[in-house]
Amino acid sequence: MEIIQHLLDGFLVALEPMNLFLVIIGCAVGLFIGAMPGLGSVNGVAILLPVTFIVPPTSAIIFLAAIYYGAMYGGAISSIMLGIPGASTAVATTFDGRPLALKGMADKALVAAAVASFAGGTISVILFTAFAPPLAHVALSFGAPEEFALMMLAFGTFIGLGGDDIPKTLFSIAIGLVMSAVGLDILSGEPRLVFGDIPGFFHGINFLVLAIGIYGIGEILWTIESSRGEVAVSQAVVSVRRVLDTLRELVKSLKTIIMGSLIGFFVGLLPAAGATPGSIMAYGVAKTVSRDPDSYGKGNLDGVAAPESANNAASTGSMLPMLTLGIPGSPTTAILLGGMVIWGLEPGPRLFVEQTEFVWGLIASLYVANLFSILLNIAFIPIFIWVLKLPFSILAPVIFVLCIVGGYAPTQDMHDVWLMLLFGVVGYLMRKLDYPMAPMVLAIVLGPLAESSLRQSLLQSHGSMMVFIERPISGPIMGIALLLFVFPALKAVKSAVARRSAGTGGEK
Amino acid sequence: MRRAELSMAIVLAILSVYLMWKSAELPIGWVKGDGPGGGAFPFWLSLVMLVCSIWTIVRWFRRTTPQSRSTEPYFDSQSLSLIILVVGALVLMVGSIHFIGVYGAIPLFFVFYMRFIGRQTWTKTLVLAVAAPVFTFFFFEILLHITLPKGATETLFYPLYDIFM
């Protein structure tokens, strides 16, 4: 019961007037930053980190964690209302959130996302509180082969479950990974794929440049063409009754939400495989176990609930290795970790012994941040729906300008703005031919880690691929991943056999 | 649509070969003591890209993809001119940022897009053309401390920096 005592002490810290105020401001800022296409929790936390030097470390991390949390909620808002993920963590939310909005059920999708986020956040914080030490111990045994196997699993879900043209999906994954390799080679430090020493390529291709290009510029071009400049604005009615109706409907999604939370939490735990693959895996699994998988991608409420519960759970999960081991579980926690060093704290297991106020104040603040995020999120729904009701010839230039400024902000390099424009137009042309774009964006985000874990694994095994199969944890993960890769081929063979035995003749 | 499918696959195949060639500038094999060379990862993935593109071309000849059977045009003339107009406006805007800065380019873009493409009223157009850069300035430069490119208009902002920063 020592944990309960610690948690109560933590609440005393989190509920101090200044900390409570910072949580509320942090959640509100996070919601808006998350909702803006191009700015995600990473940008928000990175940009606002220097601002926090005026308050004590405990208040500072509480504020930044609230932004992280709020951004996880906020990402869903633009995924649903604009079809543009506000952050990479909300990519999977567009799959069903956008179709729901187009059907005029944007409010449903938004409430579902908020409730799933709340549930995911709460479930994972409880898990965090109860199992912190033993779970951290498990994650500690994960090496490079396990990380690589996990990433193969994430890509495998696209091949096996994506339902898009297989060669085009595979192409999309490969080109995303190649783009992530642009810049300085992580191990040797040599420049590669800099295309005739163009200086802008030396810092690599920021995933935001591709993501904003494709989901911002490309998406708007797509919308302009399909609507000829005017969007048929979906009617979105918000009322207390509709919110309550949605809540009642969400009871059916409870299983999906719990499953998404667990997947998100455990994937988030792993150093650097955070909320993005977690939410995409949760979506994939929800679709596979569903009784009605065909309704996914067309506006299934479960398809919103699964990734949204997972990405919030993952953001909590990713803080666990950061706090207990000093290893960031996500890019955002990497920045938080950097902040801890600047604040004069030594990250690692000793924090739990020496800085109990800091650790438990942060954990307790996550409960509080969750509560305020869902309240603010639902309260702001009318504002976001008002945004969608604007005529498209007003909304389009606003989004274009946001994309361009957002594309410039992370690296502050005009080169990236041009690249983003290029990706947007080319991505749009490819999308017209059914090249799926989500695997490409996922691949460029995961690319650097995929490469380093692959190279480290092969280095450990002296070039033997068996390292992925032989290890007790990576083996089964890799097995499932490979199964997903060959799944479509098996299905094709099976249907061909079935056709032949039915006597309808071969495919002509 | 048929022609577009084949053209895209061929262009992507050429891109793959180009990327393979560029990746091969670094060692792509096993470097003793260092594991796989720096070029290995992009090289083999570019090969995957090439295989996928050829696979798509083969499927085009066998007419297995929906696009290779489609008789619909890739673009109809009306949407093509609209898309060219919008993309052209975007290119001009980003290009002009180098000279007149974000705060010169944004209002011009709004005026062009809303008034001449969207046919909105002058009042709405001007309100947004003024509000957008003002909001951008306060949110990005003041709140988030991201300095946006200003081109030749840089000097005009010195008094504003003095007041707000």
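Above this note sits the structure.
Residues numbered from 1 in each chain as written. Chains lettered and ligands numbered in written order. Predicted model: local features only at pLDDT ≥ 70, side-chain atom pairs only at ≥ 80, totals over all residues. Heavy atoms only, no water.

*Asks:* Looking at this model, I keep getting lost on the overall build of chain A. Mind explaining?
*Replies:* When helices and strands are tallied, chain A shows 21 helices and two strands. Within chain A, buried positions represent 62% of all 508 residues. Of the roughly 18700 Å² of accessible surface on chain A, 70% is carried by carbon and sulfur atoms. (Helix = DSSP H or I, 4+ residues; strand = E, 2+ residues; numbered from the N terminus. Buried < 20%, exposed > 50% of the residue type's maximum accessible area, 1.4 Å probe, protein only. Areas by Shrake-Rupley, 256 points an atom, 1.4 Å probe, with all protein chains shown as cover.)

*Asks:* How should I be thinking about the side chain of T58 of chain A in this particular structure?
*Replies:* With respect to the element layout, T58 of chain A can be found in helix α4 (residues 57-81). Sequence-distant contacts of T58 of chain A, defined by excluding residues within four places in its chain, comprise V13, E357 and F358 of chain A. (Contact = heavy atoms within 4.5 Å.)

*Asks:* Would you take a moment to explain the environment of F358 of chain A for this structure?
*Replies:* All names here are of chain A. As for its placement among the helices and strands, F358 is situated in helix α16 (residues 356-389). Take F358: its relative accessible area is 2%, and that puts it in the buried class. Between the C-alpha atom of F358 and that of G10, which follows or precedes it by 348 residues, the distance is 8.2 Å. Apart from the residues lying within four places of it in its own chain, the contact partners of F358 are P57, T58, I61, L323, M340, L345 and L351.

*Asks:* Can you help me understand the packing of aromatic side chains in this one?
*Replies:* One pair of aromatic rings is described through two measures. These are the centre distance and the angle between the planes. Residue and element names in this part refer to chain B. Applying the stated rule across the entire model yields 17 aromatic pairs over all chains. The interplanar angle of 55° and the centroid separation of 5.9 Å between the aromatic rings of Y18 and W21 together place this pair among those described as tilted. A residue pair is termed a helical-turn pair when its members lie 3 or 4 positions apart in one helix, as Y18 and W21 do in helix α1 (residues 2-23) at three residues. With a relative accessible area of 32%, Y18 lands in the partly exposed category. (Phe/Tyr/Trp six-rings, centres within 6.5 Å; stacked < 30°, edge-to-face > 60°.)

*Asks:* What am I meant to see in a nonpolar patch on the surface here?
*Replies:* Residues and elements named next belong to chain B. A cluster of nonpolar side chains, namely L85, F112, F116, W122 and L126, defines an oily patch on the protein surface of about 480 Å² accessible area. Along the polypeptide, L126 turns up in helix α6 (residues 122-143). Of the residues examined, L126 reaches a relative accessible area of 45% and is grouped as partly exposed. (Patch = residues over 30% accessible without salt bridge, like charges linked within 9 Å, V, L, I, M, F, W, Y side chains within 5 Å. Salt bridge = Lys/Arg side-chain N within 4 Å of Asp/Glu carboxyl O.)

*Asks:* Help me understand the packing of helix α2 (residues 17-35) of chain A against α4 of chain A in this model?
*Replies:* The angle between the axes and the distance between the axes are what describe a pair of packed helices. All names here are of chain A. Interhelical geometry of α2 versus α4 gives an angle of 30° and a closest axis separation of 6 Å. The way α2 lies across α4 gives a crossing that is right-handed. Note on element contacts: α4 touches α2 through S59, I62, F63, A66, I67, G70, A71, Y73, G74, G75, I77 and S78, opposite M18, N19, L22, V23, I25, G26, C27, G30, L31, G34 and A35. Of the residues belonging to the contact of α2 with α4, the class tally is 14 nonpolar, nine polar and no charged. (Axes fitted to C-alpha atoms, helices over the stretch in contact; angles between N-to-C directions. Left-handed = near helix turned anticlockwise from the far one by under 90°. Nonpolar A, V, L, I, M, F, W, Y, C, P; charged D, E, K, R; others polar.)

*Asks:* Could you clarify how one ought to interpret helix α8 (residues 166-181) of chain A in this entry?
*Replies:* Owing to its 3.6 residues per turn, the α-helix brings residues three or four apart onto one side. In this model, α8 of chain A (16 residues) spans 23 Å end to end at C-alpha, consistent with the 22 Å of a helix rising 1.5 Å per residue. Judged by how many residues are buried, α8 of chain A sits mostly within the fold: 14 of 16 residues are covered. (Expected span 1.5 Å × (residues − 1).)

*Asks:* Honestly, the environment of I100 of chain B in this entry has me stumped. Any pointers?
*Replies:* Residue and element names in this part refer to chain B. Within the secondary structure, I100 sits in helix α4 (residues 77-100). Judged by relative accessible area, I100 falls into the partly exposed class, the value being 32%. Between the C-alpha atom of I100 and that of T153, which follows or precedes it by 53 residues, the distance is 6.0 Å. In this structure I100 touches A105, L108, K150 and T153, once residues within four positions along its chain are discounted.

*Asks:* Even after reading the chapter, I still don't get the interface of chain A and chain B, so can you show me in this structure?
*Replies:* Many authors give the size of an interface as the accessible area that is lost as the parts come together. Opposite the 63 residues of chain A that make contact, chain B presents 67 residues. Between chain A and chain B, roughly 5700 Å² of surface is buried when both sides are summed, and carbon and sulfur atoms account for 80% of that area. At the boundary of chain A and chain B, one finds two salt bridges. Between R59 of chain B and D165 of chain A there is a salt bridge, with the nearest N and O atoms lying 3.1 Å from each other. At the junction of chain A and chain B, the tally comes to five residue pairs in polar contact (both at pLDDT 80 or more). Of all the elements in the fold, those that place two or more residues in the side of chain A that touches chain B are α3 (41-48), α8, β2 (191-192), α9 (207-227), α17 (392-408), α18 (414-431) and α19 (438-461) of chain A. Looking at which element gives the most residues to the side of chain A that touches chain B, the answer is α8 of chain A, with eleven residues. By residue class, the composition of the side of chain A that touches chain B is 44 nonpolar, eight polar and eleven charged. (Buried area = accessible area lost by both parts, 1.4 Å probe. Polar contact = N/O pair within 3.5 Å; in protein donor to acceptor, adjacent residues only side chain to side chain.)

*Asks:* How should the side chain of S365 of chain A be read in this particular structure?
*Replies:* Residues and elements named next belong to chain A. Following the sequence through the fold, S365 ends up in helix α16. Here S365 falls in the buried class, since its relative accessible area comes to 1%. In terms of polar contacts, S365 uses its side chain to reach the backbone carbonyl oxygen of L362, at 2.8 Å. Excluding residues within four positions of it along the chain, S365 makes contact with A14, V23 and I62.

*Asks:* Explain unusual backbone geometry here, please?
*Replies:* Trans is the prevailing form of peptide bonds, just as negative phi is the prevailing case for residues other than glycine. All names here are of chain A. The backbone of D434 sits at a positive phi, close to 70°, despite the residue not being glycine. With respect to the element layout, D434 can be found in the loop between α18 and α19. Judged by its relative accessible area of 41%, D434 is partly exposed.

*Asks:* Got a minute to help me understand helix α5 (residues 102-117) of chain B in this structure?
*Replies:* All names here are of chain B. Taking 1.5 Å per residue as the helical rise, α5 with its 16 residues ought to reach 22 Å, and the 21 Å between its terminal C-alpha atoms agrees with that figure. Every buried residue of α5 is listed here: V102, Y103, G104, A105, I106, F109, F110, V111, Y113, M114 and I117. Directly beyond the C-terminal end of α5, a positive phi value near 55° is found at R119.

*Asks:* Quick question: what am I supposed to make of the nonpolar core here?
*Replies:* Core analysis: the largest hydrophobic core is formed by 196 residues, its most contacted members being I80, L323, M340, F400 and Y435 of chain A together with L90 of chain B. Take this core: its biggest share by element is 16 residues, from α4 of chain A. With residues near it in sequence (within four places) discarded, I80 of chain A still touches T93, G97, R98, A101, A106, A109, L110, A113 and V304 of chain A. (Core = buried A, V, L, I, M, F, W, Y, C linked by side-chain atoms within 4.5 Å.)

*Asks:* Sorry, what's going on with the pattern of salt bridges here?
*Replies:* Two side chains with opposite charge may pair up if their charged atoms get near one another. Counted by the stated rule, this structure contains six salt bridges over all chains. In this structure, E225 of chain A engages K432 of chain A in a salt bridge whose closest nitrogen and oxygen atoms are separated by 2.8 Å. With E225 of chain A in helix α9 and K432 of chain A in the loop between α18 and α19, this residue pair connects regions lying 207 residues apart in the sequence. For the pair shown, E225 of chain A and K432 of chain A are each scored as buried. Measuring nitrogen to oxygen at the nearest pair gives 3.2 Å for the salt bridge that ties E141 of chain B to K150 of chain B.

*Asks:* Teacher, can you tell me more about the environment of I214 of chain A here?
*Replies:* All names here are of chain A. Positionally, I214 belongs in helix α9. Note: C-alpha distance between I214 and A438 (224 residues apart in sequence) is 9.2 Å. Residue contacts for I214: discarding those within four places in its chain leaves E219, F423, G424, M437, M440 and V441.

*Asks:* Whenever I open this one, the packing of helix α11 (residues 254-269) of chain A against helix α13 (residues 301-324) of chain A confuses me. Can you help?
*Replies:* All names here are of chain A. Between α11 and α13, whose axes approach to 6 Å, the crossing angle comes to 35°. α13 is crossed by α11, and the crossing has right-handed handedness. Two secondary-structure elements touch here, α11 through T256, I257, G260, S261, G264, F265, G268 and L269 and α13 through D302, A305, A306, S309, A310, A313, A314, G317, S318, L320 and P321. A class-by-class count of the residues in the contact of α11 with α13 yields ten nonpolar, eight polar and one charged.

Remember that the coordinates give geometry; whether it matters functionally is a separate question.
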